[in-house]
Structures are given as C-alpha cells and as structure tokens.
Amino acid sequence: MAATALSLTFAGAGLASAADVNNAKNAGFESGLTNWTCSAGSGTTVSSPVHGGAAALKATPAGQDYAQCSQTVAVKANSTYTLSAWVQGSYTYLGVTGTGTTDVSTWTPNTSWTQLSTTFTTGASTTSVTVWTHGWYGQPAYYADDFSVYGPDGGGGGDPAPTVPAAPGGLAVSGTTSSSVSLAWNTVSGATGYNVYRDGTKVTAVTGTSATVAGLTASTSYSFQVTATNAAGESAKSTAVTGTTAATGGGGGGGTVPKHAVTGYWQNFNNGATVQKISGVPDQYDIIAVAFADATTTPGAVTFNLDSAGLGGYTVDQFKADIKAKQAAGKKVIVSIGGQNGTISVSDSASAANFANSVYSLMQTYGFDGVDIDLENGLNATYMTQALRSLSAKAGASLVITMAPQTIDMQSTSNSYFQTALNIKDILTVVNMQYYNSGSMLGCDGKVYSQGSVDFLTALACIQLQGGLDASQVGLGLPASTSGAGSGYVSPTIVNNALDCLAKLTNCGSFKPSKTYPALRGAMTWSTNWDASSGNAWSNAVGPHVHALP
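Rules behind the numbers
- Residues numbered from 1 in each chain as written.
- Predicted model: local features only at pLDDT ≥ 70, side-chain atom pairs only at ≥ 80, totals over all residues.
- Heavy atoms only, no water.
- Helix = DSSP H or I, 4+ residues; strand = E, 2+ residues; numbered from the N terminus.
- Rg over C-alpha atoms; globule rule 2.2 N^0.38 Å.
- Buried < 20%, exposed > 50% of the residue type's maximum accessible area, 1.4 Å probe, protein only.
- Areas by Shrake-Rupley, 256 points an atom, 1.4 Å probe, with all protein chains shown as cover.
- Lys, Arg positive; Asp, Glu negative; His and termini not counted.
- Charge placed at Lys NZ, Arg CZ, Asp CG, Glu CD.
- Salt bridge = Lys/Arg side-chain N within 4 Å of Asp/Glu carboxyl O.
- Pairing = 2+ DSSP bridges.
- Axes fitted to C-alpha atoms, helices over the stretch in contact; angles between N-to-C directions.
- Contact = heavy atoms within 4.5 Å.
- Right-handed = clockwise from strand over helix to strand, strands pointing away.
- pLDDT = per-residue confidence, 0-100.
- Left-handed = near helix turned anticlockwise from the far one by under 90°.
- Nonpolar A, V, L, I, M, F, W, Y, C, P; charged D, E, K, R; others polar.
- Disulfide = S-S within 2.5 Å.

## Quick look at the overall build of the chain
When helices and strands are counted, the chain shows 8 helices and 31 strands. Taken against the 2.2 N^0.38 rule, which gives 24 Å for 550 residues, the C-alpha radius of gyration of the chain at 24 Å falls within 12% of a compact globule. Across its three principal axes, the chain shows a C-alpha extent of roughly 75 × 50 × 50 Å. The proportion of buried residues among the 550 residues of the chain is 55%. For the chain, the exposed surface amounts to about 19,700 Å²; the carbon and sulfur share of it is 48%. Measuring between centres, the 21 positive side-chain charges of the chain sit 9 Å from its 28 negative side-chain charges.

This is the structure:
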C-alpha cells in the first residue's frame, strides 16, 4: 500500500503575509471524509499509515477509475497559492482545476512519504477552486494526509493553524539485535512527524510511531527519547528509555530451518489447482505455509478449519499425522494468517493478546511450528509486534515467523510491514515479499523497475537488505505458474539468476548490488498446488538451486 498526504502552502513572489491561512477544510482527514468527495466510493480514512495526526485518506483505484478525491476550496481572486502534499503511492497525482488561469498538477512515483508542491494563481473572477489527488489505473491504493491550501483567506473557513504538539508518551523498546534497538510510542494529536534521539543526539526522523536505530555496538546500553513535530515546531522530549543491544550478531528465530530454504503455500481450498495433502508436498519445500487461518468474531483471534470436503475427504487426523511426518523429515509447517481476502485486524492490546493466544492454541492443536503474516489489507506495527512477541514468549526459540508483504509494503522502513519486520528482527525467520501482482516500484538505487525481470527482484530485495534485515531474513516470493497470480510470473531461470545476483554477483541484469549476500535465505512460491499443476516444474528447478547457494 501507498501513502499520500496533501498540503497547500503559500509561495508568492515574496514572503507569505500574516493574513495567509490554510484554506482547506478537514485537511488531515481527522473528521473522516467530511468536505471531501471521492470517485466511485474509492476513498476511506484509516488510522495507519498516517503522516500526521490520527487519520489519513486511503483511496483505491479500480477498473477505469483512478480514485480521485477532491475538495472545493474558497479562494480570493487575483491571488497566488501553493498546493503541496505529503504523498506515498505508486503514481500519485496532485492538482487543481477552476483557477481561472492555468490549472496545474504534479505527480510522483515514490512509495514513501514525499511532499508534492505546485503553485497557481487565481483569475480576476475566481472565488473557488477544486483541489484533487488521485492514483493511477491498475496501481495499489494510495494515502493522503495533512492537506492545506495556504494563501490569502478565501473566506471559506479553513482548519486552524497548528500548535506545537505535546511530547510523545508510551515510549518503549520493542526489539533489539546486536546492532539495533527498535522503539515504539503513542500517536500525538497534531503531529506530522517525530524525531528520535540517542543519548541526547538526534539520529533519525520518521512519520510513524516506531523506529529502528541501527549501527549500534553489541552488548551496549543506550538512552532514547522522542519528540513530536509539526509546522509550529518541536515538542519537548519524551521520558527516556534504555535499550541494550544483544551480545551476538545476526537475527531470526526458527530453530533448525535450513540456511537456505524454500517456502511454499499449501492451499486449504480447491480453486482449480491440484488438490494436495500435506504428505504430497515435494521434499524441496523446507517451510510449508498452510493457507489460511480464519477470522473469528473475537477481534484479533483466529481459528483453523480444514476444508475436508474441498480436499477430497482429507481428515483432521490425517492432516495432523502428515504434519508430524513432515516435521520428522526436517520440514517446518506453519499456519498463514491473511491472504487476499483476510480480514484479521490487530489494532490494540486486547486484539494483540487474542491473536497470540489463538495462534498458540492452533500450534498446540495441529502441531504447527509457527505463523506466517500475510495480511494484505494492512497491519498496525505497534500491536502486531506486541502480538508476535507475546507468541514468541509462549512458543520459545523454535518458533518460525515468516512474512509475505506486497512490494508496496517494503518500499520504506517507515511502512508498517517493514517496521514490524525490524521490530521483531531477533525472532523473525524470513520475509518472502510477493514480487507479483505489483505495479512498477522503486529499487534501492531510486530507479523505477517493472515486474517480470531479474532487476525487479534484485533492486527491490536490496531495499530490505540495506534497510536493516539480515540477509538470512530475505527471500524472493514468486508464483509457481502463470495461473498462480494475476501478473508477475517469471520463469524459474529468472528466479535462479536473481538469487545468484544477490548471493554471488553473477547472472545480474543492469542492476548490481554493492556487495554479495551469501546468507540470503532463499525463495517462496504461491503455491505448492499450482506447482503440482505444472508438474512441480518450479520446485524442481528453484529448490536445488536454493539449496546449493553458498
């Protein structure tokens, strides 16, 4: 997912006058979609991700609709205004119409918070304009926040000027490794960003309510504080917390997962792919993710219902016995949470506890080795971190935790998925990002890459490798066949070339990483069933290649 925030600031020939105001109403979407109109019902408001405050706009293109959201703003004639916006999303646009002079627009392909800005001048009889934002056809949802039309007061009554925010509360250490400390804190009303201080020195600025401070020394204690910021200034520092780095390097849990592993999703349903029992999953797969657990009426809680009828009479007893047999052969079998239609929400401490308790109950009932997080409708980094740490405390060091974010979720360390991965780095097994069903994305070199190539795989994996994950926690997720995804299938040869490029700097495309990552975990596919439908061509080619990596 992407995030978009809009802001209009005055930028005339000289300095803004004292009478200049933000003419937009409900600029931060704190009152839902009040004063806003979105095409084809494409818009809603969400609590995460946000650029400032407690809410943001989320708008989702569909079919021929590119999810335009607009507001009519009162302005003065013959006046100059600046339209600007904090945006995050694949091809997010910002513009204005009805100026009476020249209508203007701007756009960005960035999928991390970026400020768009453009100026316009009103005509002699112009008393209102329409400001708008939209995404693009076939692209993921975008987000918008902190919209402002700043300039001479048009008389429409905009939002009040911001005041300096309060100091953040609830600062806590959410995770540590030998070289990093992860922090989380509570949202501050009116804040558009946060500064993180280590031992009194500012070390990073973020827009969300969590951060990971890297580059630290093992077995060392550090003091951390956070401030909240907006256009009015910076708050006082929060109460300090102490974070102590671990004694040794690396990261990840998972017990005896192979150094280089292949993950495959096993379908607990029949959608036309080959119906399998767990016993029928080829030996090339080291981690089998059972897809999917089901939501319950209890917030955050999940359950599992074997689709015996759809799987040809497969019984629960057979299912459990097959899991034990796979484990006896050195494989891991985990339960996957989410999927395209998953509706599980972990958004507070109660739902986090429900999630941990229910997943642990499934592990005890069925013998699962862990959990896969495949929530494609977003997650809350603070409470998912809390849930997974609680689960880890129950299950112990052998717990396997995998994640399968979409490409948009891992474009920046400020994204909730990426934050969660870093927050649990010391217990995380692998992130198998889905390099399919994706629009064009930025690589770690700032260039835009389209799916279906070696470069798309390597340049996007590089973001995770440079963003704080250990190489052993990075895997490449691809469909097993053209039937396994709407788009993004590549041949096993392309997958293997990308693995070689990252691990050995061989068989690269035009993009080449700055160094080798021989500890790269491996690859993932959706699904073992679609693989079977193609004669296991994917696992027969990719599996041996993964296992032969250095």
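## Let's talk about the pattern of salt bridges
The full count for this structure, using the stated rule, is 4 salt bridges. The partner of D426 in a salt bridge is R389, with the nearest N and O atoms 2.5 Å apart. Remark: R389 occurs in helix α3 (residues 381–395) and D426 occurs in the loop between α4 (416–423) and β27 (430–434); sequence separation between them is 37 residues.

## As for the sheet that holds strand β16 (residues 210–213)
Spatially, 3 strands are ordered β12-β13-β16 in an open sheet, and the strand pairing comes out antiparallel. The open sheet is flanked by β12 (172–176) and β16, the only strands paired with a single partner. Each strand axis lies, on average, 25° off the axis of its neighbour in the sheet, ignoring direction. Summarising the sheet, β12 and strand β13 (residues 181–184) pair through 4 bridges and their orientation is antiparallel. Residue pairing in the sheet places A172 in a bridge with A184 of β13. Contacts from α3 reach β12, β13 and β16, with the element oriented near 60° to β12. Packed onto the sheet, α4 meets β12, β13 and β16 and runs at close to 50° relative to β16.

## A look at the pairing of strand β31 (residues 522–526)
Each regular strand carries side chains that alternate between the two faces of the sheet. Buried residues dominate β31, accounting for 5 of its 5 residues. The sheet contact formed by strand β20 (residues 261–267) and β31 spans 5 bridges and is parallel. Paired with A261 across the strands is G522, a residue of β31. Strand direction decides the pairing type here: strand β30 (residues 474–479) and β31, joined by 5 bridges, are parallel. Pairing of L476 across the sheet is with A523, part of β31. This β-α-β element, β30 to helix α6 (residues 492–504) to β31, shows right-handed connectivity.

## What to know about the confidence of the model for the chain
Any region with low pLDDT has predicted coordinates that should not be read closely. Per-residue pLDDT for the chain averages 88, and the proportion of residues at 70 or more is 93%. Per-element confidence in the chain is highest for α6, whose mean pLDDT is 98, and lowest for β12, whose mean pLDDT is 77. Scored below 50 in pLDDT, residues 1–18 shows 90 contacts in the model against residues more than four places distant or in partner chains.

## As for the sheet that holds strand β10 (residues 128–134)
Strand order in the open sheet formed by 5 strands is β2-β5-β10-β7-β8, with antiparallel pairing between adjacent strands. Unpaired on one side and paired on the other, β2 (37–38) and β8 (104–108) mark the two borders of the sheet. Relative to strand β5 (residues 69–74), β2 runs antiparallel, the two being bridged by 2 bridges. When the bridges of β5 are listed, C38 appears paired with C69.

## Topic: the packing of α3 against α4
Two elements in contact, α3 and α4, have axes whose closest approach is 9 Å; the angle formed by their N-to-C orientations is 35°. For α3 against α4, the interelement crossing comes out right-handed. Between α3, through A381, M384, T385, L388 and R389, and α4, the contact on the second element is made entirely by S416, Q419, T420 and N423. Its residues placed into classes, the contact of α3 with α4 shows 3 nonpolar, 5 polar and 1 charged.

## Quick word on the pairing of β8
Examined bridge by bridge, strand β7 (residues 92–97) and β8 share 5 bridges and lie antiparallel to one another. By the bridge assignment, L94 is partnered in β8 with T106. The turn linking β7 back onto β8 is made up of 6 residues, and G98 within it adopts a positive phi angle of 80°.

## What about the state of the cysteines?
This model, assessed by the stated rule, comprises 3 disulfides. Each sulfur of the disulfide joining C444 and C462 lies 2.1 Å from the other. Of note, the bridge from C444 to C462 carries an S-S torsion of about 90° and is right-handed in sense. Taken as a pair, C444 in the loop between β28 (441–442) and β29 (448–449) and C462 in helix α5 (residues 454–466) lie far apart in primary sequence, 18 residues in all.

## Side note on the environment of G28
Note on placement: G28 falls in the loop between β1 (21–22) and β2. Accessibility expressed as a relative area gives 13% for G28, which makes it buried. Sequence spacing of G28 and G89 is 61 residues, and the spatial spacing of their C-alpha atoms is 17 Å.

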